[in-house]
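This is what each chain is made of:
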Amino acid sequence: MTAPADDALPAACTCPKPWETLVTVIEGQTLHARPAATLGPAAALYRARCATCDAEYPGHWRLVPGQHRTF
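Nothing here was measured: the structure is a model prediction, and the numbers come from that model. (Residues numbered from 1 in each chain as written. Predicted model: local features only at pLDDT ≥ 70, side-chain atom pairs only at ≥ 80, totals over all residues. Heavy atoms only, no water.)

### Examining the pattern of salt bridges
Operational definition: The rule for a salt bridge is simple: a side-chain nitrogen of Lys or Arg has to be within 4 Å of a carboxyl oxygen of Asp or Glu. Only protein chains enter the accessibility calculation, which uses a 1.4 Å probe; a residue is then buried when its area is under 20% of its type maximum, exposed when over 50%, and partly exposed in between.
Counted under the stated rule, the structure contains three salt bridges. With its nearest N and O atoms 3.4 Å apart, the salt bridge here joins R49 to D54. For R49, a relative accessible area of 30% corresponds to the partly exposed category. A residue is classified by how much of its surface remains accessible, and D54, at 46% relative accessible area, is partly exposed. Here E56 ties to R49 by a salt bridge, and the two come within 3.7 Å at their closest N and O atoms. E56 sits in the partly exposed class, given a relative accessible area of 27%. Taken together, the shared-partner salt bridges in this structure form one network comprising R47, R49, D54 and E56.

This is the structure:
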């Protein structure tokens, strides 16, 4: 196996306050997320991104509690 090329790696958040607002899309619905010390259940299946610059979040995250999901 070879390592991915540098241009294949995800870009870092370029916002003035990196990773300030995270979102994820689950079954077509955009939901807010937050950084976390441990991997949340949704994070095992989906990716979080910066809501401003769209960079993929590289760490653990969880959904913000209290959001109404319509699945």
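### Side note on unusual backbone geometry
So the rule is basically this: Helix and strand assignments come from DSSP, with helices taken as H or I runs of at least 4 residues and strands as E runs of at least 2, each series counted from the N terminus.
Positive phi is not limited to glycine here, since W19 has a value of about 60°. Along the polypeptide, W19 turns up in the segment before β1 (22-26).

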